[in-house]
Amino acid sequence: MTVLDTEAPTRVTMWSGQSDEAQTILEALAAEFQDAHPQVSFDLSPGASSTEELLQKLAASFASNDTPDISYTFGSWASQLERSGRTLDLRESITDSSVKWDEFTPAARTTAQPTGAKVIGFPAVVDNISLFYNTTVFDRAGVAYPTADWTWDDFRSAAKELTEPESQTYGYAYSVSGSEETTWQFWPHLWQNGGVILDVDGRSAFDSTAGVSALTFLADMAVTDKSVYLDQTDTKFAQLFASDRVAMMTSGPWQLSELKTAKTSYGVVRLPGTDGDHQTVSGPDLWALFDNDDVNRAYWATKFVTWLTSVEQDLRFNVAIGNLPLRSSEADTRAFQAQVDELPGFDVIQENSANAITARPTSPGYNGLSEAIADAIAHVLQGDGDPRAALTTAAQDADKALRRA
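Colleague: Any details on the side chain of N318? Residues and values, ideally.
Modeller: The topology assignment puts N318 in the loop between α13 (311-316) and α14 (334-342). Beyond its immediate sequence surroundings of up to four residues, N318 is in contact with A124, V125, N323, L324 and L326.

In structure tokens form, the structure reads like this:
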């Protein structure tokens, strides 16, 4: 269909990728939008049995021409989706002042515009990692709580002081599973030292002086100070923190409800900084929009996602289920403050979104890059290898993965 008719009956297909609770809320919101616009109906489903499977299903839909109009997608897929040639270009839509595009975090906006050309969707979920500290462990050791002005040297000194071998209590914890958990905990150290993940030509660049400095710092804590619990599982470090055996961890908003359930006494501050730089890492996900050669479907898909990500609806969706608000202006609302009362530290993590400046790469080869550097980090922190040599090898492996993608 080539002529827009906003009164024509139009069916919009949406793959949500949501859990049961979020899916129920989303269905209610879609029904509300439909009531306000009776010419629009929704075919709304999770799209796949897990969010991870949506990418493969989207690729198949491109070949069979049954692509949804809207799909939840991980931010790391953004470049691959744009390269498919099947996404809408929303650059004109986001210039509308009512959209308030600048209220989304820089990392989220960059992820939605992966190559700097098309804007392929709207932010769906934003997060960041902050420093969580267990006040019980700090009080027991007589160590002052972290502040927002902490440097990494302050952090290292405290971690060493908080470590107690007799009770197997550690100052800090770090994942050495070799997963993305291992990798993305490292990126703030790299960025704060002035490093980058990729160079302007799209090749790996983390094996720099900044990268070596960052990994050496972590290795000094883990190998020399022995103040770091090295977690092979990605999950046990949070359990040990909750049970007063780890003093500090870097984590995100998803951790708050678990700490509340465990009745852990804790605080949250932004990450320690380097020369005043407190950058953090974020993994924004998107509502990607796709072109099905139907201007009415494209029009209403864009209208719905714009409406869904507005302040009023985001408070009822993301904030209601414990995700950070998408927009900075939501911090002044009653609904947000109610979540802060329910989940202490929620406001600190939201404020830390301002430090989510740099986006993780969305290159198709990022997963291979992540695996390569995660393996290097895991080995070095366990005393197996030199930081410079390990990062050099990881960069070579990462470049192979980037070339294959």
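Colleague: Tell me what's going on with the sheet that holds strand β3 (residues 70-73), and back it up with residues and numbers.
Modeller: On the basis of which strands lie adjacent, the open sheet formed by 5 strands has the order β2-β1-β3-β10-β4 and mixed pairing. Where the open sheet ends on each side, the last strands, each with one partner, are β2 (40-45) and β4 (121-125). Taken pair by pair, the neighbouring strands of this sheet meet at an average axis angle of 25°, ignoring direction. Pairing of β4 with strand β10 (residues 285-289) involves 4 bridges; the strand directions are antiparallel. Bridging across to β10, F122 finds its partner in W287. Running over the sheet, helix α1 (residues 20-36) touches β1 (10-15), β2 and β10 and is turned about 170° from β2.

Colleague: So, the pairing of strand β5 (residues 130-134): which residues are in play, and what are the values?
Modeller: With 5 of 5 residues buried, β5 lies mostly within the body of the structure. Pairing geometry for β5 and strand β8 (residues 246-251), over 4 bridges, is antiparallel. Bridging across to β8, Y133 finds its partner in M248. By the bridge criterion, 4 bridges tie β5 to strand β9 (residues 266-269) in an arrangement that is antiparallel. Bridge pairing links N134 to Y266 in β9.

Colleague: Could you give an account of the pairing of β3, with specific residues and numbers?
Modeller: Of the two faces of β3, both are covered, the one formed by I70 and Y72 as well as the one formed by S71 and T73. Bridge count for β1 against β3 is 2 bridges, and the pairing is parallel. Looking at the pairing, W15 lines up with S71 of β3. Bridging between β3 and β10 involves 4 bridges; their strand directions are antiparallel. Along β10, the bridge assignment pairs S71 with A288.

Colleague: Now, about the sheet that holds strand β7 (residues 228-231): what can you tell me, with residues and values included?
Modeller: As summarised here, the arrangement of the 5 strands in space is β7-β6-β8-β5-β9, forming an open sheet in which the pairing is mixed. In this open sheet, the two edge strands, each paired with only one partner strand, are β7 and β9. Strand-to-strand twist of the sheet, defined as the mean angle between neighbouring strand axes without regard to direction, takes the value 25°. One ladder, built from 2 bridges, connects strand β6 (residues 170-175) with β8; its direction is parallel. When the sheet's bridge partners are listed, Y172 is paired in β8 with M248.

Colleague: Could you give an account of helix α16 (residues 366-381), naming the residues involved and the relevant values?
Modeller: When the terminal C-alpha atoms of α16 are compared, their 22 Å separation across 16 residues agrees well with the 22 Å that a helix rising 1.5 Å per residue should span. Taken residue by residue, α16 has Y366, L369, S370, A372, I373, A374, A376, I377, A378, V380 and L381 as its buried positions. Turning to α16, the residues buried within the fold contact β6, α7 (180-184), α8 (187-192), α9 (209-225), β7 and α17 (387-404). One or two steps after α16, the chain reaches G383, where phi turns positive at roughly 85°.

Colleague: I'd like a description of the pattern of salt bridges, backed by residues and values.
Modeller: Side chains carrying opposite charge are able to pair once their charged atoms draw close together. Applying the stated criterion across every chain, the model contains 11 salt bridges. Close ionic contact of R91 with D89 constitutes a salt bridge, the shortest N to O distance being 2.6 Å. Residue classification places D89 among the partly exposed positions, given a relative accessible area of 32%. When the shortest N-O distance is used, the salt bridge between E342 and K260 registers 2.2 Å.

Colleague: Please provide a residue-by-residue account of the side chain of N352, values included.
Modeller: In this structure, N352 sits in the loop between α15 (346-351) and α16. Setting aside residues up to four positions removed in sequence, N352 forms contacts with N128, I129, S130, R270, H278 and T280.

Colleague: Give me the nonpolar core: which residues, what numbers.
Modeller: In this structure, I70, L81, F132, W287 and F304 are the most contacted members of the largest nonpolar core, which totals 71 residues. Sorting elements by how many residues they give to this core places helix α12 (residues 295-308) first, with 6 residues. Counting residues in each nonpolar core, the second largest holds 53 residues, with I197, M248, A376 and A395 among its members.

Colleague: Could you give an account of α9, naming the residues involved and the relevant values?
Modeller: In a regular helix each residue adds 1.5 Å, so 17 residues correspond to 24 Å; α9 covers 22 Å between its end C-alpha atoms and thus fits that length. At A219, α9 is deflected by roughly 30°, the largest bend along its length. Among all positions of α9, only A210, G211, V212, A214, L215, F217, L218, A219, M221, A222 and D225 are buried. Just downstream of α9, K226 is the residue with a positive phi angle, here 55°.

Colleague: Mind laying out the environment of A112, listing which residues take part and the relevant values?
Modeller: Here A112 lies in helix α4 (residues 106-112). On a C-alpha basis, the gap between A112 and A405 in space is 20 Å, while along the polypeptide they are 293 residues apart. Dropping the residues within four chain positions of it, A112 is found in contact with W101, K118, V119, I120, G121 and L286.

Reading guide: rules and limits
Residues numbered from 1 in each chain as written. Predicted model: local features only at pLDDT ≥ 70, side-chain atom pairs only at ≥ 80, totals over all residues. Heavy atoms only, no water. Helix = DSSP H or I, 4+ residues; strand = E, 2+ residues; numbered from the N terminus. Contact = heavy atoms within 4.5 Å. Pairing = 2+ DSSP bridges. Axes fitted to C-alpha atoms, helices over the stretch in contact; angles between N-to-C directions. Buried < 20%, exposed > 50% of the residue type's maximum accessible area, 1.4 Å probe, protein only. Expected span 1.5 Å × (residues − 1). Salt bridge = Lys/Arg side-chain N within 4 Å of Asp/Glu carboxyl O. Core = buried A, V, L, I, M, F, W, Y, C linked by side-chain atoms within 4.5 Å. Bend = angle between axes of the 7 residues up to and from the residue.

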